[in-house]
Amino acid sequence: VPPVGKATEFMADLYAKGRDALGAISEGSAKVTSVVDDWRTAIDAYTTLEEVNRALPEMAKLTPIVAPQVKKFLMAKAKALGFVWNPGTVCFGARAPEAAGAVA
Amino acid sequence: MRISTTTLESFRLFMQPDQDWMTEADLIASIKGEFVPTPAVLLGSAFGKVLETPDHYRTAHGYRCGDYTFANDVMAPALKLMDYERGMFEVKAARAYGDCDVVAVADQIVGGHLFEHKTTGSTFNFEKYADSCQWRFYVDIFQPLLVTYHVFELDDHGNGVAEIKASTRSTCSRIPGCIRTAAICSASSATTCARRGWTGSSASGSDRRRRWRRNTRSRRASKRAG
């Protein structure tokens, strides 16, 4: 903080820095939203087990803020399609016929 | 071992020198998931559910969740703060800290902005949220651009008809360098605490910390010897 007598532009500089920082945050957030939206659109169109499983390695490459959001979409979609997570094979599998029948 | 940020925050609060409202039994119950919710917690939980899916709890004159009702004019300002179009609720992620997996569930993420919705029966206290290890873990695990706490001061007057007395918005952001260290220390301490169990319910705060340090020293010594 400069001496008060010389601080003629201090507040203006501070304001400009704050505005730039907020601008950068808004821009960054918009980019994240856009990536998440692209994934949402893609996942919405999945219909097969292969498509769902093919997304898994791609999801691992996403940033920490994007990945959990996309994962949530994917889990919901897989569930809606009747696929179940197999921790042993670390991928989705088709629901066993008897289990599917029990649910139906 | 997996542990939630909520449990870690309970542990941090328990270790505060001046805390006298949480007993060791409460902490152990929290770690074991046997926590018995108070009416204030139930009210906060009902409010959170309505915030997340208001349509699900819609009634003719407002919202109802469990034993609690929220009038239209009570909920309107809170619902306005939510972004239902782009936002995603209850987003879960985990990260390993040493041999402990810390699990974090964000109340809402909108793009790169993470939101936590908190309720309190008393007045807003900035330090309570700023000191919390929860947002520090969120910053490290999700790496959001910002973390914002929406804190709602609720009162149901004991009759289940809730009102929001005030709401406050408080934002935290990443502090390079110091977050991960703090998170690792916190996770490691709490995990060890959970593993070893915690005994002696009458111990004071300073006794607890003294015993904690003694146990840690002895554990390290046995590790070196073994």
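Preceding this section is the structure that the text describes.
Residues numbered from 1 in each chain as written. Chains lettered and ligands numbered in written order. Predicted model: local features only at pLDDT ≥ 70, side-chain atom pairs only at ≥ 80, totals over all residues. Heavy atoms only, no water.

*Asks:* Help me understand the overall build of chain A in this model?
*Replies:* Of the regular secondary structure elements, chain A holds 4 helices and 2 strands. Taken from the N to the C terminus, the helices and strands of chain A come in the order α-α-α-β-β-α. Relative to the 2.2 N^0.38 estimate, which gives 13 Å for 104 residues, the radius of gyration of chain A is 23 Å and therefore markedly larger than a compact globule would have. Among the 104 residues that make up chain A, the fraction classed as buried is 27%. Of the contacts formed within chain A by residues at least 6 apart in sequence, a portion of 51% connects residues at least 24 apart. Both charge centroids of chain A, one from 12 positive and one from 11 negative side chains, sit 5 Å from each other. (Helix = DSSP H or I, 4+ residues; strand = E, 2+ residues; numbered from the N terminus. Rg over C-alpha atoms; globule rule 2.2 N^0.38 Å. Buried < 20%, exposed > 50% of the residue type's maximum accessible area, 1.4 Å probe, protein only. Contact = heavy atoms within 4.5 Å. Lys, Arg positive; Asp, Glu negative; His and termini not counted. Charge placed at Lys NZ, Arg CZ, Asp CG, Glu CD.)

*Asks:* Before we go on, may I ask you to explain the environment of Trp135 of chain B in this structure?
*Replies:* Residue and element names in this part refer to chain B. Tracing the backbone through its elements, the reader meets Trp135 in helix H6 (residues 134-142). You can call Trp135 buried: its relative accessible area is 5%. Along the backbone, Trp135 and Thr148 are 13 residues apart, and their C-alpha atoms lie at a distance of 8.8 Å. A polar contact is formed between the side chain of Trp135 and the backbone oxygen of Ser132, at a distance of 3.4 Å. (Polar contact = N/O pair within 3.5 Å; in protein donor to acceptor, adjacent residues only side chain to side chain.)

*Asks:* I keep staring at the pattern of salt bridges and nothing clicks. Help me out?
*Replies:* Two side chains that carry opposite charge are able to pair once their charged atoms sit near each other. Overall, the coordinates contain 7 salt bridges over all chains when judged by the stated rule. For the salt bridge of Arg86 of chain B with Asp83 of chain B, the shortest nitrogen-to-oxygen distance reads 2.8 Å. (Salt bridge = Lys/Arg side-chain N within 4 Å of Asp/Glu carboxyl O.)

*Asks:* Hey, could you run me through helix H3 (residues 67-80) of chain A in this one?
*Replies:* One turn of the α-helix equals 3.6 residues, which is why residues spaced by three or four share an orientation. All names here are of chain A. Here H3 contains 14 residues, and its C-alpha end-to-end distance of 20 Å stays within 8% of the 20 Å for a straight helix at 1.5 Å per residue. Restricting attention to buried positions, one finds in H3 the residues Ala67, Pro68, Gln69, Val70, Phe73, Leu74, Lys77 and Ala78. Trailing H3 by a residue or two, Gly82 shows a phi angle of about 85°, which is positive. (Expected span 1.5 Å × (residues − 1).)

*Asks:* Explanation requested: the nonpolar core in the structure shown.
*Replies:* Counting residues in each nonpolar core, the largest one holds 44 residues, and the members touching the most others are Leu74 and Phe92 of chain A together with Val102, Ile141 and Phe142 of chain B. Elements represented by at least two residues in this core include exactly helix H1 (10-44), helix H2 (49-59) and H3 of chain A together with strand S5 (88-97), strand S6 (100-110), H6 and strand S8 (146-155) of chain B. Per-element accounting of this core gives the leading share, 6 residues, to H6 of chain B. Setting aside its immediate chain neighbours within four residues, Leu74 of chain A contacts Ile43, Tyr46, Val52, Ala55, Leu56, Met59 and Phe92 of chain A. Membership of the second largest hydrophobic core comes to 20 residues, among which are Val50, Tyr57, Tyr68 and Phe70 of chain B. (Core = buried A, V, L, I, M, F, W, Y, C linked by side-chain atoms within 4.5 Å.)

*Asks:* Looking at this structure, how should I read a nonpolar patch on the surface?
*Replies:* Residues Met75, Trp85 and Val90 of chain A make up a contiguous nonpolar surface patch of roughly 270 Å² in combined accessible area. A residue is classified by how much of its surface remains accessible, and Val90 of chain A, at 52% relative accessible area, is exposed. (Patch = residues over 30% accessible without salt bridge, like charges linked within 9 Å, V, L, I, M, F, W, Y side chains within 5 Å. Areas by Shrake-Rupley, 256 points an atom, 1.4 Å probe, with all protein chains shown as cover.)

*Asks:* Explanation requested: the packing of aromatic side chains in the structure shown.
*Replies:* Each aromatic ring pair is summarised here by two numbers: the centre-to-centre distance and the angle between the ring planes. Applying the stated rule across the entire model yields 8 aromatic pairs over all chains. Through successive ring pairs, a cluster of aromatic residues spans Phe47, Phe70 and Phe152 of chain B. (Phe/Tyr/Trp six-rings, centres within 6.5 Å; stacked < 30°, edge-to-face > 60°.)

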